[in-house]
Amino acid sequence: MKRFLGLMLGLCVGFANAVTYAQGVLIITNHPGPLPRPIPHPTPHIRPLPPPSSSYKIKELSVQARVTDQVARVQVSQSFVNTGSTQMEVQFLFPLPYDGAVDKLTLLVDGKEFPGKLMPAKEARSVYEAIVRSNKDPALLEWMGSGLFQTSVFPVPPGAERKVTLNYNQLLRKERGLTDFLFPLSTARYTSHAVEKVEFQVAIESAIDIKNVYSPTHTVDIKRPDSKHAVISYSRTNEVPTSDFRLLFDVDKGQVGASVIAYRPKDGEDGYFLLLASPQVKAADAERPKKTVIFVLDRSGSMSGKKIEQAKSAVKFVLNNLREGDMFNIVAYDGVVESYKPELERYNDETRKAALGYVEGLYPGGGTNISGALTAALGQLKDNSRPNYVMFLTDGLPTIGETNEAKICAGAKDANKIRARVLSFGVGYDVNSRLLDRISRDGFGLSEYVRPDEDIEAHVSTVYSNISSPVLTDVAVNFELDGIKPEDGPPVNRVYPKGNFDLFEGQQLVVVGRYKKPGAAKVVIKGQVGGQEQKFDFPATLIEKSHDESFAFVEKLWAMRRIGEIIDQLDLAGRNDEMVKELVDLSTKHGILTPYTSFLADETMRPLADAGAFRRANESLSQLNDASGVSGVAQRAEKGRFQNATNAAAPVDAFKPGPGLSGGGLRSGSAPVANSFRDAKTDKEVAADSVRQYGNQTVYSRKGLASASEAKANGKAEQQIVVTPETADLDLEKDKDKIEIVDRFTDGYFALVKANNPSENQLLSQQRGDEQLLIKLRGKNYLVR
């Protein structure tokens, strides 16, 4: 065992900077060919890889991990099914997890332990290369430089299922105070069909209080039974995993814990930072700060039927989940504004029952006096020593009282004397979504949009559950660096979310921003508890230069938040050419498609960011003139998803907590999908397979950059070319002296592979079919064909 552990430690040193490895993959030895891949969105311009003579699908993938302090014990179970018509002779390959000491690695096939060979990185390289050459498939290139566990050959008859179980222990990496758990998930994309079931559970146990738990790659469910335990789960059906799963957590004593991750890829440019902060998890019977909640309910005629019943259920949920000592009231409105009580009520069992009876007696009818309802509710709030929340729900346009959008917002802002937070819920497509966004922005809150086929109570209950236990209110975050002069300006800039926010128990604060000067820093978090100021400070390091892409997700997440802020400014403050250009540049660099930059998915468009792109973005931004209807709601909901994105690669999944109430800890939508965009006209997600992302790199599939006439003369279809933002301007004919041609699977190709880092090889590994790849490596342009 000591010899084995020593070998593993040696392997880990060899690839400490790599960040992308995967769990096992089957290699078919008796019928060499490309690994299976599903094609969910066929692209007519790409000639796919020839179908393999044998194929398999991953039926199920289950992961159970227990992390005690810094040691992970992992069990992985995968069920493979032979979907071909002939018997497969297969080997199971497991590229070793990154820079962690692995021991006790055992593999079982259908419950029986199976022999295998553990190879160091140097020996494994020749195995990877041999498989790539034999199969004419670059898939395994991304694991070049890693060690390997390889089994001997075992048979899988046609239609048969085999269950492979892998157990291993791993010493996790710990950097900048964060323990880093990486589960290699991405090889599950090599399957003939989507994986029927993907599930895993990570249980964390620590001797010191667990504070921040954060996944930069997936939207996960986190349970915190007490301060020293956390259970993280993820479950999907019929999914093709595209990225590895990563989980970061830290431990600390005290009421609030915080960690800062800095990423600075280029000298001379501002770096990026991510601040994670989380309050202490209290016992269920512990005292919590008291709060005030007013529910403003639309009971106009358009709310009749299912909507009013769902809205009443939502109010009842809030009433049933207030705490003793909280203050509350209900304002119901149509053409007339009516308060349940003339003043705020103190919550107890008796007042709860009476309020439930009042809600049950509400019926729809009449117009919509939005301005009167908001000013009536906000006017009741006098005590700024406790958190105050107004939950405002409407399904239509203002028709009674003040109907001017600007005057309604000004009236609500003037009535909000104590910085109460307004949470707006727009129901259906008939609302003025721009009005709701203005009300929420001026009211230090957020907007939530409930589509016609969605449940009002589900949205309201999710948001309320997230704000039910405020720990710190009116929170401000400041960075202090030694040697910063007043004339140098603030040490951090373009920080999102903007402004002060509230921090809630059980929620994860996610703040991103840019920094100019590297060095040691102190992060100061200040907020209010019961009218008294609380202050916490934490050390941080803003690094001078990043030497790998381990934390490249910080840049991507910042770009998503920045795009949301730009769209919000363009929507509420008017058009600005500089901001439009920045929107196009950020979308192009990071492959983040919006309703205004979806033209980047156009395979005929090149170069990517030129005057034509700016013009097309400006034309698309005219959609923001739609304040209501499908288009209006779709655009504001999409804007909110960008503003409140919590990770850089999560799929869309409703009702998941995000970064916060103006930054504190709640949001119903997760990060928008990078290779899709929201069509404002239909409010549907549209796949964009011509925009692909591998790690932190974005590539664009384009129709042949050589002339169409040349392709016709050679009797070939127009070639599909994959370009990066750096190579999009190159012309294969005019710039041929600047481009070196490399044919795949030749000695020159593998020489290029050997010179690449893992991130560059990951890009090569995803080349599809006979498409060509135009890429810049180490300052030189290559056409890989």
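Read on for an overview of the structure. Note that the structure is predicted; figures quoted are calculated from it, not measured.

## Some words on the overall build of the protein
For the protein, the helix and strand inventory stands at 15 helices and 40 strands. Residues counted as buried form 57% of the 785 residues belonging to the protein. Taking as baseline every contact in the protein between residues at least 6 positions apart, the subset at least 24 positions apart corresponds to 75%. In the form shown here, the protein has an accessible surface area of approximately 30600 Å², with 49% of it arising from carbon and sulfur atoms.

## Here's the deal with the pattern of salt bridges
Taken as a whole and judged by the stated rule, the model has 50 salt bridges. Taking the shortest distance from any N to any O, the salt bridge between Asp180 and Arg246 comes out at 2.7 Å. On the criterion of sequence distance, the pair formed by Asp180 in strand 12 (residues 178–183) and Arg246 in strand 17 (residues 245–251) is long-range, its members being 66 residues apart. You can call Asp180 buried: its relative accessible area is 3%. Exposure remark for Arg246: the relative accessible area of 9% places this residue in the buried category. The residue Asp221 makes a salt bridge to Lys223 at a minimum N-O spacing of 3.8 Å. Residue classification places Asp221 among the partly exposed residues on the basis of a relative accessible area of 28%. Ionic contacts of the salt-bridge type, sharing partners, join the residues Arg451, Glu638, Arg641, Arg678, Asp683 and Glu685 into one network.

## Re the nonpolar core
Ranked by size, the top nonpolar core spans 80 residues in total, and within it Leu140, Phe181, Val202, Ile204, Ile232, Phe245 and Tyr749 carry the most contacts. Apart from residues lying up to four places away in sequence, Phe181 is in contact with Ala65, Val67, Ala72, Val74, Leu172, Val202, Phe245, Arg246 and Leu247. Grouped together as the second largest cluster of nonpolar side chains are 54 residues, Ala617, Phe677, Ala728 and Leu783 included.

## Some points on the packing of helix 9 (residues 553–573) against helix 12 (residues 629–643)
Close contact between helix 9 and helix 12 brings their axes to 7 Å; oriented N to C, the two are set at 140°. Comparing their axes, helix 12 and helix 9 come out oblique. Considering how the two elements wind past one another, helix 9 and helix 12 form a crossing that is left-handed. Contact residues: helix 9 offers Met560, Arg561, Ile563, Gly564, Glu565, Ile567, Asp568 and Asp571, while helix 12 offers Arg636, Lys639, Phe642 and Gln643.

## Concerning helix 7 (residues 433–442)
The buried fraction of helix 7 amounts to seven of the ten residues, a majority that puts the element mostly inside the structure. Regarding helix 7, the residues found buried are Ser433, Arg434, Leu435, Leu436, Asp437, Ile439 and Ser440. If you check the start of helix 7, you find a side-chain oxygen 3.2 Å away from the backbone N of Arg434, and it comes from Asn432.

## Focus on the packing of helix 10 (residues 577–590) against helix 11 (residues 611–620)
Between helix 10 and helix 11, the shortest axis-to-axis distance is 10 Å and the interhelical angle comes to 110°. As summarised for this structure, helix 10 and helix 11 are arranged roughly perpendicular, according to the angle between their axes. Between helix 10 and helix 11, the residues in contact are Asp577, Val580, Lys581 and Val584 and Ala613, Phe614, Ala617 and Asn618, respectively. Class assignment for the residues of the contact of helix 10 with helix 11 results in five nonpolar, one polar and two charged.

## Concerning the pairing of strand 30 (residues 509–515)
In terms of residue burial, strand 30 counts as a mostly covered element, since seven of its seven residues are buried. Going residue by residue along strand 30, you find Leu509, Val511, Gly513 and Tyr515 tucked away on one face and Val510, Val512 and Arg514 tucked away on the opposite face as well. Two strands pair when backbone bridges link them, and strand 19 (residues 271–279) and strand 30 are joined in this way by seven bridges, in the antiparallel orientation. When the sheet's bridge partners are listed, Leu275 is paired in strand 30 with Val511. Pairing of strand 28 (residues 492–496) with strand 30, which is carried by three bridges, proceeds in the antiparallel orientation. Within strand 30, the position partnered with Val492 by the bridge is Tyr515.

## Examining the sheet that holds strand 14 (residues 210–214)
Two pairing modes exist for strands in a sheet, parallel and antiparallel, and in both the strands are linked by backbone hydrogen bonds. Here four strands make up an open sheet; going across it, the order is 11-12-17-14 and the pairing antiparallel. Both outer strands of the open sheet, strand 11 (173–175) and strand 14, are each paired with one neighbouring strand and no more. Averaged over neighbouring strand pairs, the angle between their axes works out to 25° when direction is ignored. With three bridges joining them, strand 14 and strand 17 adopt antiparallel strand pairing. Across the sheet, Val213 pairs through a bridge with Phe249, a residue of strand 17.

## Overview of unusual backbone geometry
Of all residues except glycine, most have a negative phi; of all peptide bonds, most are trans. Looking along the chain, the bond that leaves Tyr496 and enters Pro497 is cis, with omega of 5°. Mapped onto the elements of the fold, Pro497 is located in the loop between strand 28 and strand 29 (501–504). Of note, the phi angle at Asp69 is positive, near 55°, even though the residue is not glycine. The topology assignment puts Asp69 in the loop between strand 2 (56–68) and strand 3 (71–82). Look at Asp69 and you get partly exposed, because its relative accessible area is 41%. If you check the backbone angles, Asp110 has positive phi at about 50° while not being a glycine.

## Structural notes on helix 4 (residues 349–360)
Over its twelve residues, helix 4 extends 17 Å from the first C-alpha to the last, a length consistent with the 16 Å expected when each residue adds 1.5 Å. Buried within helix 4 are the following residues: Thr351, Arg352, Ala355, Leu356, Tyr358 and Val359. Each buried residue of helix 4 sits inside an arc of 160° when the element is viewed along its axis, so together they form one side. Residues of helix 4 that are exposed and point over 90 degrees away from its buried face: Glu350 and Lys353.

## Describing the environment of Asp474
Tracing the backbone shows Asp474 in strand 27 (residues 470–481). You can call Asp474 partly exposed: its relative accessible area is 31%. Linking Asp474 and Asp502, residues 28 residues apart in sequence, is a C-alpha distance of 5.5 Å. Discounting residues that sit within four places of it in the chain, Asp474 has contacts with Arg419, Arg421, Asn500, Phe501, Asp502, Lys526, Gly527 and Gln528.

## Focus on the pairing of strand 3
Most of strand 3 is tucked away, with nine of its twelve residues classed as buried. In this sheet, strand 3 lies alongside strand 2 in antiparallel orientation, the contact comprising twelve bridges. Along strand 3, the bridge assignment pairs Ala65 with Val74. Here strand 2 folds back onto strand 3, and the loop between the two strands holds two residues, one of which, Asp69, carries a positive phi near 55°. The pairing of strand 3 with strand 10 (residues 161–171) spans eleven bridges and is antiparallel.

## Some thoughts on the packing of aromatic side chains
Taken as a whole and judged by the stated rule, the model has 16 aromatic pairs. Look at Phe328 and Tyr347: their rings are 6.0 Å apart centre to centre, the planes differ by 80°, and that puts the pair in the edge-to-face class. Placement of the pair is Phe328 in strand 21 (residues 327–333) and Tyr347 in the loop between strand 23 (345–346) and helix 4, with a sequence separation of 19 residues. Overall, Tyr347 belongs to the buried group, its relative accessible area being 6%. Between Tyr749 and Phe750, the aromatic rings sit 5.4 Å apart at their centres with planes inclined by 80°, giving edge-to-face as the arrangement. For the pair Tyr749 and Phe750, one class covers both residues: buried. Taken together, the ring pairs connect Phe328, Tyr340, Tyr347 and Tyr358 into an aromatic cluster.

## Comments concerning the environment of Leu621
Structurally, the position occupied by Leu621 is in the loop between helix 11 and helix 12. The exposure class of Leu621 is buried, given its relative accessible area of 1%. Counting along the chain gives 25 residues from Leu621 to Tyr596, while the straight-line C-alpha distance between them is 5.7 Å. Setting aside chain neighbours within four positions, we find Leu621 in contact with Leu570, Arg575, Val580 and Tyr596.

Scoring rules and cut-offs
- Residues numbered from 1 in each chain as written.
- Predicted model: local features only at pLDDT ≥ 70, side-chain atom pairs only at ≥ 80, totals over all residues.
- Heavy atoms only, no water.
- Helix = DSSP H or I, 4+ residues; strand = E, 2+ residues; numbered from the N terminus.
- Buried < 20%, exposed > 50% of the residue type's maximum accessible area, 1.4 Å probe, protein only.
- Contact = heavy atoms within 4.5 Å.
- Areas by Shrake-Rupley, 256 points an atom, 1.4 Å probe, with all protein chains shown as cover.
- Salt bridge = Lys/Arg side-chain N within 4 Å of Asp/Glu carboxyl O.
- Core = buried A, V, L, I, M, F, W, Y, C linked by side-chain atoms within 4.5 Å.
- Axes fitted to C-alpha atoms, helices over the stretch in contact; angles between N-to-C directions.
- Parallel < 35°, antiparallel > 145°, perpendicular 65-115°, else oblique.
- Left-handed = near helix turned anticlockwise from the far one by under 90°.
- Polar contact = N/O pair within 3.5 Å; in protein donor to acceptor, adjacent residues only side chain to side chain.
- Nonpolar A, V, L, I, M, F, W, Y, C, P; charged D, E, K, R; others polar.
- Pairing = 2+ DSSP bridges.
- Expected span 1.5 Å × (residues − 1).
- Arc of directions from axis to C-beta.
- Phe/Tyr/Trp six-rings, centres within 6.5 Å; stacked < 30°, edge-to-face > 60°.

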